[in-house]
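# Understanding the architecture of this molecule
If you want the building blocks of each chain, they are given just below.
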Amino acid sequence: MSSPGFWDDSENSTKIVKELKDLKSTVEPWESALKKYNELKDLVDILDSGDQGLFSDLNRNVDALLAELGRLDFKTLLSGELDKNSAILSINAGAGGTESCDWVGMLLRMYTRFAQNRGYDLKTTDILYGEEAGVKNVTLLIEGPYAYGYLKVERGVHRLVRISPFDANKRRHTSFASVDVIPEVIEDADIKLELKDLRIDVYRSKGAGGQSVNTTDSAVRVTHIPTGIVAQCQNERSQHQNKETALKIIKARLYELERQKKEEEFSKQYSGAKKKIEFGSQIRSYVMHPYNLVKDHRTDYETGDVNKVMDGGLDEFIEAYLRSEKER
């Protein structure tokens, strides 16, 4: 980075800066743990010399070191080839009309809070609102180290049980929404897009202000003709930026398609291969009536603190699943 002309090539410099951030996110926690360990050794040496007034400091240092080691141990679970990549997360409403759309809106808020808590950058690349309330489907680009490693756990169907705010008779309703997560593909990945295979449509995007205020022809929809994969983006004001983001999503989905094909081929040749999560396979239930409970059906991990989970507190569920996968 200190070499002359480094910043002249913005594309290459961006890659290097990202690589540096990834390396720092790996190295710095170990340096922090080593520092806590050395502080702990210093306190032990003082205690051995006869100073008995430092037990509380010693306990604090032990707790801090154990917490640091716990985080480092958890990081070893994120060792997949693409785990350190950013994530593209999509949420789609299931059957149930307004109820399911409202549930998608709740999940959108949950994942937004999760991303914010971790300091990730979050962009809504495409969103379709429900006719009465909520969201029919939404696609998010969540940028940050290990975003995919954490969020891949969320792939599957999420079930909500509650008293419906849209039911005048206050009956209990069950709603479903599917979550799909794929890794953002790095630029030098072996995914080639031929112009002849793409259909690019431009349509009108509404800006802030309601009605037809600030409408521009900047939204872009890209269709990969051979596979039928579609990606659209209307987040940016620039048509060029929207096109770049949509192409990035197309690449990621093509990469995921190839990965799934390889996985299916592997499962044909070897018994005991992992089962794919299909729509209809419920991975987690969020019960808000007649009691409060969030339960992951893959690991049986559960908590009664629904509000914490809906505020983005997914760490325990993610860790439980990753540890169960490692044990397999």
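Just above, that's the structure.
One structure accompanies this document, and this report is about it. (Residues numbered from 1 in each chain as written. Predicted model: local features only at pLDDT ≥ 70, side-chain atom pairs only at ≥ 80, totals over all residues. Heavy atoms only, no water.)

## Description of the environment of arginine 71
Rules: The numbering of helices and of strands both runs from the N terminus, where a helix is a DSSP run of H or I of at least 4 residues and a strand a run of E of at least 2. Exposure classes here rest on a 1.4 Å probe applied to the protein chains alone. A residue is buried below 20% of its type maximum, exposed above 50%, and partly exposed in between.
One can find arginine 71 in helix α2 (residues 55-75). The class for arginine 71 is partly exposed, based on a relative accessible area of 49%. Remark: the alpha-carbon pair of arginine 71 and proline 29, spanning 42 residues in sequence, is separated by 8.5 Å.

## A few points about the pattern of salt bridges
Here is the rule: For this document, the term salt bridge refers to a Lys or Arg side-chain nitrogen within 4 Å of an Asp or Glu carboxyl oxygen.
Enumeration according to the criterion identifies 21 salt bridges in this entry. Put simply, glutamate 258 and lysine 261 hold a salt bridge, and the shortest N to O gap is 3.7 Å. Separated by three residues within a single helix, glutamate 258 and lysine 261 lie in helix α5 (residues 239-269), roughly one turn from each other. Residue classification places glutamate 258 among the partly exposed positions, given a relative accessible area of 38%. Between aspartate 296 and arginine 284 there is a salt bridge, with its nearest N and O atoms 3.3 Å apart. Of this pair, aspartate 296 sits in strand β10 (residues 293-296) while arginine 284 sits in strand β9 (residues 282-287), and the two are 12 residues apart along the sequence. Residues aspartate 296 and arginine 284 agree in their burial class; the two are buried.

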